[in-house]
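The residues making up each chain are set out below.
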Amino acid sequence: KRALGFKVADFVETTEFLTDVWIDYVEGRCSIYKVIEEYQKHGFQANQDVPGNAYWEELFHASPNSKVIVTIRDSSKDWVRSVTNFQIQEARRMGNPGFWLFQRMRSSGWLSPRVSKVFDLIEVSLLKRIEFTVQI
């Protein structure tokens, strides 16, 4: 998306600018329109990564003239395998000792409240995706 000239809200941008509004949305305290308003407020034109990919239908229906790139797997089993492989890849990229240390710091409450909140949001979003996939 960046190659196409869009300002993208990825994991880092979501953590910094959008975590609170996404939590409010997931917990029913605001509408998807408030989430979109926050994207616009910060100049984002595209979303990539969680939680937006888990709520793509809500974003799509609330955004006239929007475009969505959907990756489809042959089965829910293939989708779960793909997500698992991606997570393993990301853990390796961080380095196993670094990933372990990060998770330990997170579980011990040593990270900033914002980083802890975004990881809770990611877990809720991934559970939504898995539940959706299994229901298909």
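Please read these numbers as outputs of a predicted model, since none were measured by experiment.

**Q** Describe the overall build of the chain, with residues and values.
**A** A count of helical and extended segments in the chain gives six helices and two strands. Ordered by position in the sequence, the α and β elements of the chain form the string β-α-α-β-α-α-α-α. Taken across its 136 residues, the chain has 31% of its residues classed as buried. In the chain, of all internal contacts separated by at least 6 residues, the share reaching a separation of at least 24 is 66%. Carbon and sulfur atoms form 57% of the exposed surface of the chain, whose accessible area is close to 9,300 Å².

**Q** Tell me what's going on with helix 2 (residues 32-41), and back it up with residues and numbers.
**A** Of all the positions in helix 2, only Ile32, Val35, Ile36, Glu38 and Tyr39 are classed as buried. All buried residues of helix 2 fall inside an arc of 155° around its axis, so they share one side. Opposite the buried face of helix 2, at more than 90 degrees from it, the exposed residues are Tyr33, Gln40 and Lys41. If you follow the buried residues of helix 2, they end up packed against strand 1 (8-9), helix 1 (11-26), strand 2 (46-47) and helix 3 (56-62). Positive backbone phi, approximately 80°, marks Gly43, located one or two places after helix 2.

**Q** How would you sum up the pattern of salt bridges? Please name residues and give values.
**A** Scanning all chains against the criterion turns up six salt bridges. Ionic pairing is found between Asp24 and Arg29, a salt bridge with its closest N-O pair at 2.8 Å. Given a relative accessible area of 28%, Asp24 falls into the partly exposed group. When its relative accessible area of 52% is taken as the criterion, Arg29 is described as exposed. In this structure, Lys41 engages Glu38 in a salt bridge whose closest nitrogen and oxygen atoms are separated by 3.8 Å. With Lys41 and Glu38 both in helix 2 and three residues apart, this pair spans about one turn of that helix. For Lys41, a relative accessible area of 59% corresponds to the exposed category.

**Q** Can you lay out the side chain of Thr15 for me, pointing to particular residues and giving the numbers?
**A** Along the polypeptide, Thr15 turns up in helix 1. Judged by its relative accessible area of 11%, Thr15 falls in the buried class. Setting aside chain neighbours within four positions, we find Thr15 in contact with Arg114, Val115 and Val118.

**Q** Let's hear about the side chain of Thr19: which residues, and what values?
**A** Locating Thr19 in the fold gives a position in helix 1. When residues no more than four places from it in sequence are discounted, the contact partners of Thr19 are Thr14, Arg114, Lys117, Val118 and Leu121.

**Q** Describe helix 1, with residues and values.
**A** An ideal rise of 1.5 Å per residue puts 22 Å on 16 residues; helix 1 reaches only 17 Å between its terminal C-alpha atoms. At Leu18, helix 1 shows its largest kink, close to 80°. Among the residues of helix 1, those classed as buried are Thr14, Thr15, Leu18, Thr19, Val21, Trp22, Ile23 and Tyr25.

**Q** Before we move on, could you go through the nonpolar core and cite the residues and values that matter?
**A** Among the nonpolar cores identified, the biggest contains 17 residues, and Leu18, Trp22, Tyr25, Ile32, Val35, Tyr39 and Leu59 are the most heavily contacted of them. Secondary structure elements with two or more residues in this core: helix 1, helix 2 and helix 3. By residue number, the principal contributor to this core is helix 1, which donates five residues. Beyond its immediate stretch of four places on either side in the chain, Leu18 contacts Ala9, Glu13, Glu38, Tyr39, His42 and Phe44.

Definitions and cut-offs
- Residues numbered from 1 in each chain as written.
- Predicted model: local features only at pLDDT ≥ 70, side-chain atom pairs only at ≥ 80, totals over all residues.
- Heavy atoms only, no water.
- Helix = DSSP H or I, 4+ residues; strand = E, 2+ residues; numbered from the N terminus.
- Buried < 20%, exposed > 50% of the residue type's maximum accessible area, 1.4 Å probe, protein only.
- Contact = heavy atoms within 4.5 Å.
- Areas by Shrake-Rupley, 256 points an atom, 1.4 Å probe, with all protein chains shown as cover.
- Arc of directions from axis to C-beta.
- Salt bridge = Lys/Arg side-chain N within 4 Å of Asp/Glu carboxyl O.
- Expected span 1.5 Å × (residues − 1).
- Bend = angle between axes of the 7 residues up to and from the residue.
- Core = buried A, V, L, I, M, F, W, Y, C linked by side-chain atoms within 4.5 Å.

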